[in-house]
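Observations on chain architecture
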Amino acid sequence: MKRHGIVMPPFRIEDTVTKLLTNHYDRLITKIEQAAKGLAYLEKAVGDSAEEYRWNLQDSMLGSIPSDKEKLARQLAIQLDKAQLSFFDSFLDDAPPRVSLAVQFALDKDEVFQSRLDGLMETFLKASIERVEKEENFLKSAFLMDLNDYILGKSKDLKSLKDVMAAMKETSVREARFFARDQFARLNKAMTVTSIKQAGADKVEWMPVGDGRTRHTHKKDTMKAKYGSLIFDINNLPDEANDYNCRCGLIPVFGD
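Computed from a predicted structure; not experimentally measured.

**Quick word on the nonpolar core**
Among the nonpolar cores identified, the biggest contains 41 residues, and V17, L21, F91, M168 and L187 are the most heavily contacted of them. At the level of secondary structure, the elements contributing two or more residues to this core comprise α1 (11–36), α3 (66–94), α4 (97–109), α5 (111–151) and α6 (161–198). Here this core gets ten residues from one element, more than from any other, and that element is α6. In this structure, L21 is in contact with L72, V132, A176 and F179, ignoring residues within four places of it in sequence. Counting residues in hydrophobic clusters, the runner-up holds 13 residues, among them W206, F232, C246 and C248.

**A short note on α4**
Here α4 spans 18 Å end to end across 13 residues, near enough to the 18 Å set by a 1.5 Å rise per residue. Buried residues of α4: V99, S100, V103 and A106, and no others. The buried residues of α4 occupy an angular sector of 135° when the element is viewed end-on, so they sit on one face. Across α4 from its buried face, at more than 90 degrees, point the exposed residues P97, L101, F105, D108 and K109.

**Topic: the packing of aromatic side chains**
Applying the stated criterion to the full structure yields six aromatic pairs. Residues F87 and F91 carry aromatic rings whose centres are separated by 5.2 Å and whose planes lie at 25° to one another, so their mutual orientation is stacked. Of the two residues, F87 and F91 both sit in helix α3, four residues apart, roughly one turn of that helix. Looking at F91, the relative accessible area reads 1%, which means it is buried. Where F88 meets F91, the ring centres are 6.4 Å apart and the plane angle is 80°; that geometry is what we call edge-to-face. With F88 and F91 both in helix α3, this residue pair falls three residues apart, about one helical turn.

**Focus on the sheet that holds strand β2 (residues 231–233)**
The three strands are arranged β2-β1-β3 in an open sheet whose pairing can be described as antiparallel. Edge strands, defined here as strands with exactly one partner in the open sheet, are β2 and β3 (249–253). Between one strand axis and the next, the sheet turns through 40° on average, direction left out of account. Relative to β2, strand β1 (residues 203–207) is paired through three bridges, and the arrangement is antiparallel. Across the sheet, the residue bridging to K203 is D233, located in β2.

**Focus: the environment of R213**
Here R213 lies in the loop between β1 and α7 (220–227). When the C-alpha positions of R213 and R247 are compared, they lie 9.6 Å apart, and in sequence the two are 34 residues distant.

**Points about the pattern of salt bridges**
Throughout the structure, instances matching the rule amount to nine salt bridges. In this structure, R177 and D15 form a salt bridge, with 3.0 Å as the shortest nitrogen-oxygen distance. Placement of R177 in helix α6 and of D15 in helix α1 is noted, with a sequence separation of 162 residues between them. Taking the shortest distance from any N to any O, the salt bridge between K69 and E136 comes out at 3.3 Å. Highlighted residues: K69 in helix α3 and E136 in helix α5, separated in sequence by 67 residues. The exposure classification of K69 matches that of E136, with both residues buried. Within the structure, one salt-bridge network assembled from shared partners comprises D15, K19 and R177.

Rules used throughout
As a convention, each chain's residues are numbered from 1 in the sequence order in which they are written. Where totals are concerned, whole chains, interfaces and linings use all residues; where local detail is concerned, this predicted model gives features only for residues with pLDDT of at least 70, and gives and counts side-chain atom pairs only at 80 or more. Only hydrogens and water are set aside when side-chain values are computed; all heavy atoms of the structure are taken into account. Buried residues of nine kinds, namely Ala, Val, Leu, Ile, Met, Phe, Trp, Tyr and Cys, make up a nonpolar core once their side-chain atoms join them within 4.5 Å. Residue exposure (1.4 Å probe, protein chains only): buried if accessible area is under 20% of the type maximum, exposed if over 50%, otherwise partly exposed. We count a stretch as a helix when DSSP gives it H or I for four or more residues in a row; a strand needs E for two or more, and each element gets its number in order from the N terminus. Here a residue-residue contact requires only that any non-hydrogen atoms of the pair lie within 4.5 Å. Expected span of a helix, by definition, is 1.5 Å for each gap between consecutive residues, and there is one gap fewer than residues. What the arc covers is the set of directions going from the helix axis to the C-beta atoms. When the centres of two rings from Phe, Tyr and Trp lie within 6.5 Å, Trp using its six-membered ring, the rings pair. Their planes under 30 degrees apart give stacked, over 60 give edge-to-face, and anything left gives tilted. Paired strands, in this sense, are two strands between which DSSP finds at least two bridges. Helix axes use the C-alpha atoms of the stretch in contact, all axes being lines fitted to C-alpha atoms, and the angles between their N-to-C directions lie in the range 0 to 180 degrees. Note on definitions: salt bridges are taken to be side-chain nitrogens of Lys or Arg within 4 Å of carboxyl oxygens of Asp or Glu.

Here is the structure:
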């Protein structure tokens, strides 16, 4: 943390969230499979009846699944709380003394700071559920595209349902892992910024990780050429700070 300025999210939490999301998507895919059992009747459907079936099935699939999402939201909230505890355990040990002392005091005594953290967690939980909903709709659409082409006569038959579901499951696992890694990295960066502000720093220094995975647009020379400096106002961070899976650090810079 002293070198890069950001505490990395614990792998165990990323892994748990990946499993939660994968199971959530598996249940969704099972629901789609169940709905697809009626596809045999399309062989007999013609004209308006086929079109009506199509829209009824689409409305059903694109509908929300409140019970599943509510359960997932509760499970994600638990993991967010664990992530916050893990973050501050590492942050308070590794942060510069001025930052560490200020944040430790705020965690114990400052209700305003605690309220900011609560708001941050609520924001990330909401954003997480919104991302899950987008992925749900993507998975549903992947199946509906094949169904639509079949009904409209663009294809002579549906692709193998087994192949379609296997592809959807592969996509869901990949997206679940990506979600967990990116979302919790963003959470840690947001808590870092909040903590630096609490310590009274109004600027930060941009610190790329500098390994082979660092994208060109985030490297020191590129950032300096683009912005003229690696020091930024903490309330006006570069757009790169919000890129997916950004691992770059933010080191506090004090005015005194």
